[in-house]
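Chain by chain, the residues run as shown.
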Amino acid sequence: MKNIQLDITKATQFLQADAIAAYEPKVKAAQEALENGTCPGNDFLGWLHLPSSITEAELTDIENTANILRSKCEVVVAIGIGGSYLGARSAIELLRSPYYNALGKDGPAIYFAGCNLSGSYLDEILALCEGKRVSLNVISKSGTTTEPALAFRVLRGMMERRYGKEAAGRIYCTTDRARGTLKSLADREGWQTFVIPDDVGGRYSVLTAVGLLPMAVAGIDIDAVLHGAEKAMTELDNDDFSHNPCYRYAAIRNILLRRGKAIEIYASYEPRFTQMGEWLKQLYGESEGKDGKGLFPASVAFTTDLHSMGQFIQDGSRNLFETVIDFISPAADLTVEEDPENLDGLNFLSGMAMRQINRRAMQGTILAHTRGGVPNLVLEVPAINEEEYGYMVYFFMLACGVSGYLLGVNPFDQPGVEAYKKNMFALLGKPGYEDLRQELLEKLGE
């Protein structure tokens, strides 16, 4: 089976017969704009050929460092927000387990900090580090983003109190090649650094050291991840629109948007996928949500969320569609045993594997939701492993780039994220924001 297949049979009734074919020239133009670098945001296209352009020296450096961390640490704290942590976390939970830290698997526990401003969360991270051999991996291009910068200040203080001068050998920075506060600080303090390429934005950075170093620390085969991504890069680089699942997916989601389906729900029946749903929400939300346009990306974990969101999806506002990520082979499985008393009435499932039961639940749900007026796209992924993860990551990034251009936006900038920061800085009393601070305080009645 090929790596990813797109099944649109549960969406065709919501599409006009010639609607998809009509998008072929638009997709081809978007594809050529990406390849030729003639598109808006063309200074952030480094991800496009990253699977083959990353050097052996970079990979060796990442793998060697990961081996050191795996041997000398009980805890590694990855500090970052947005694309600086979502990719790595999605990989670790999908390829290892959501319970990776608790299961005592080979290698250090990996915790994520700097992804919020909660004092209680950070206090718990400190508690988890107590009495353990710890290293930090701070991930930030600038070093001044509020959430990771604050977390790093606190955690660096803990490290220096505990290890003294030896703390420098336990702090690793993934940052800009030559500029920025974090790079300057790393050079001054002697911290080992890894590079975030200038031409790769945060939400497209999972296949750089941003994602690869934490993955390798968790024992993930990053060579296989990159091999899968390179395979996707090669296989999806064609203009055979009728057989290219990536380009067809990009086209169909735009067609459904124009038919009033303004919300895309990413659904999976594998709990390990939950954090990848979070990665997808950032990838598509930050890439397409601008200029008053864009699909609103949401995610659900089925069958769990069928008991909370299922009612709305079945019978609520008809402004949504689902993209179901269907893993054909699970990471592990169990078989239901016979119960002599059958008090729960479930003996009709005896001898069945959980994957069979889960698949029937998926099939039944897709049929019900489709009948309820919700188009369903199904992306079939053969298995849960490193190669498929790399392929899937590249598939979604390429689809996002093409889809953004079909929508008529620059999918590589994020001008809207600065609005809340200005208000936050003003309310916190940051120098230079005095006039705005007074205005906002008056609005708040303070």
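Reference entry: report on the structure contained in this document.

What counts, and where the lines are drawn
- Residues numbered from 1 in each chain as written.
- Predicted model: local features only at pLDDT ≥ 70, side-chain atom pairs only at ≥ 80, totals over all residues.
- Heavy atoms only, no water.
- 1 Å grid on protein atoms, 1.4 Å probe; cavity = no way out; pocket = protein on both sides within 12 Å on 5 of 7 lines; lining within 4 Å.
- Points joined across faces, edges and corners; volume = space filled by probe spheres on them.
- Nonpolar A, V, L, I, M, F, W, Y, C, P; charged D, E, K, R; others polar.
- Helix = DSSP H or I, 4+ residues; strand = E, 2+ residues; numbered from the N terminus.
- Core = buried A, V, L, I, M, F, W, Y, C linked by side-chain atoms within 4.5 Å.
- Buried < 20%, exposed > 50% of the residue type's maximum accessible area, 1.4 Å probe, protein only.
- Contact = heavy atoms within 4.5 Å.
- Pairing = 2+ DSSP bridges.
- Patch = residues over 30% accessible without salt bridge, like charges linked within 9 Å, V, L, I, M, F, W, Y side chains within 5 Å.
- Areas by Shrake-Rupley, 256 points an atom, 1.4 Å probe, with all protein chains shown as cover.
- Salt bridge = Lys/Arg side-chain N within 4 Å of Asp/Glu carboxyl O.
- Lys, Arg positive; Asp, Glu negative; His and termini not counted.
- Charge placed at Lys NZ, Arg CZ, Asp CG, Glu CD.

## Considering empty space enclosed by the protein
Turning to step 1, where the next piece is worked out: With the rule as written, the count across this model stands at 2 cavities of 30 Å³ or more.
Turning to step 2, where the next piece is worked out: By volume, the largest cavity is sized at about 40 Å³.
Turning to step 3, where the next piece is worked out: Considering the residues around the largest cavity, the lining is formed by Glu35, Leu48, Met233, Leu236, Asp237, Tyr247, Tyr394 and Leu398.
Turning to step 4, where the next piece is worked out: Its residues assigned to classes, the lining of the largest cavity shows 6 nonpolar, no polar and 2 charged.
Turning to step 5, where the next piece is worked out: In this structure, the second largest cavity spans a volume of roughly 30 Å³.
Turning to step 6, where the next piece is worked out: If you trace the second largest cavity, you find it lined by Val76, Ala78, Ile110, Asn137, Leu213, Pro214 and Val217.
Turning to step 7, where the next piece is worked out: Of all the secondary-structure elements, those providing two or more residues to the lining of the second largest cavity are β2 (75-79) and α9 (209-217).
Turning to step 8, where the next piece is worked out: Ranked by the residues each element gives to the lining of the second largest cavity, the list is headed by α9, at 3 residues.
Turning to step 9, where the next piece is worked out: Residue composition of the lining of the second largest cavity, by class: 6 nonpolar, 1 polar and no charged.

## Thoughts on the nonpolar core
Turning to step 1, where the next piece is worked out: If you look at the biggest cluster of nonpolar residues, it comprises 100 residues, and the most contacted ones within it are Leu34, Trp47, Trp279, Tyr389, Met392, Phe396 and Leu398.
Turning to step 2, where the next piece is worked out: For this core, the element with the highest residue contribution is helix α15 (residues 386-407), accounting for 15 residues.
Turning to step 3, where the next piece is worked out: If we ignore the near neighbours within four places in the chain, the residues touching tryptophan 279 are Leu86, Gly87, Ser90, Arg203, Val206, Val393, Phe396 and Met397.
Turning to step 4, where the next piece is worked out: Listed in part, the 25 residues of the second largest apolar core include Ala109, Val138, Ile171 and Trp191.

## Some remarks on helix α5 (residues 86-95)
Turning to step 1, where the next piece is worked out: Burial within α5 is extensive, with 9 of its 10 residues counted as buried.
Turning to step 2, where the next piece is worked out: Listed in full, the buried residues belonging to α5 are Leu86, Gly87, Ala88, Ser90, Ala91, Ile92, Glu93, Leu94 and Leu95.
Turning to step 3, where the next piece is worked out: Taken together, the buried residues of α5 touch β3 (109-113), α9, α12 (274-288), β9 (320-329) and α15.

## Focus on the layout of surface pockets
With a probe scaled to a water molecule rolled over the atoms, the places where space remains empty come into view.
Turning to step 1, where the next piece is worked out: Taken as a whole, the largest pocket encloses approximately 1400 Å³ of empty space.
Turning to step 2, where the next piece is worked out: Forming the boundary of the largest pocket are 50 residues, of which Ile81, Ser140, Ser142, Thr145 and Lys421 lie nearest the centre.
Turning to step 3, where the next piece is worked out: If you list the elements that add at least two residues to the lining of the largest pocket, you get β4 (134-139), α7 (146-163), α8 (181-189), α12 and α16 (418-428).
Turning to step 4, where the next piece is worked out: In terms of residue count, the dominant contributor to the lining of the largest pocket is α7 (8 residues).
Turning to step 5, where the next piece is worked out: Classifying every residue of the lining of the largest pocket by side-chain character gives 19 nonpolar, 18 polar and 13 charged.
Turning to step 6, where the next piece is worked out: Of the pockets and cavities examined, the second largest pocket occupies roughly 730 Å³.
Turning to step 7, where the next piece is worked out: Around the second largest pocket sit 27 residues that line it, and Tyr269, Glu270, Pro271, Pro330 and Asn358 are the ones nearest its centre.
Turning to step 8, where the next piece is worked out: Among the residues making up the lining of the second largest pocket, the classes are represented as 15 nonpolar, 5 polar and 7 charged.

## Quick look at the environment of serine 140
Turning to step 1, where the next piece is worked out: With respect to the helices and strands, serine 140 occurs in the loop between β4 and α7.
Turning to step 2, where the next piece is worked out: Owing to a relative accessible area of 6%, serine 140 belongs among the buried residues under this scheme.
Turning to step 3, where the next piece is worked out: Residues serine 140 and serine 84, spaced 56 residues apart in sequence, show a C-alpha to C-alpha distance of 6.8 Å.
Turning to step 4, where the next piece is worked out: Among all residues touching serine 140, those that are not within four sequence positions of it are Thr145, Thr174, Thr175, Asp176, Leu182 and Ile196.

## What about the pairing of β2?
Turning to step 1, where the next piece is worked out: In terms of burial, β2 is a largely internal element, 5 of the 5 residues being buried.
Turning to step 2, where the next piece is worked out: Residue alternation in β2 divides its side chains into two sets, Val75, Val77 and Ile79 and Val76 and Ala78, and both sets are buried.
Turning to step 3, where the next piece is worked out: With 5 bridges connecting them, β2 and β3 associate as parallel partners. Along β3, the bridge assignment pairs valine 77 with tyrosine 111.
Turning to step 4, where the next piece is worked out: As judged from the 5 bridges shared by β2 and β4, these two strands associate in the parallel manner. When the sheet's bridge partners are listed, valine 75 is paired in β4 with valine 134.

## Quick word on a negative patch on the surface
Turning to step 1, where the next piece is worked out: On the surface, a cluster of negative charge is contributed by Glu24, Glu32, Glu35, Asp237, Asp239 and Asp240.
Turning to step 2, where the next piece is worked out: Position of glutamate 35 among the secondary structure elements: in helix α2 (residues 24-36).

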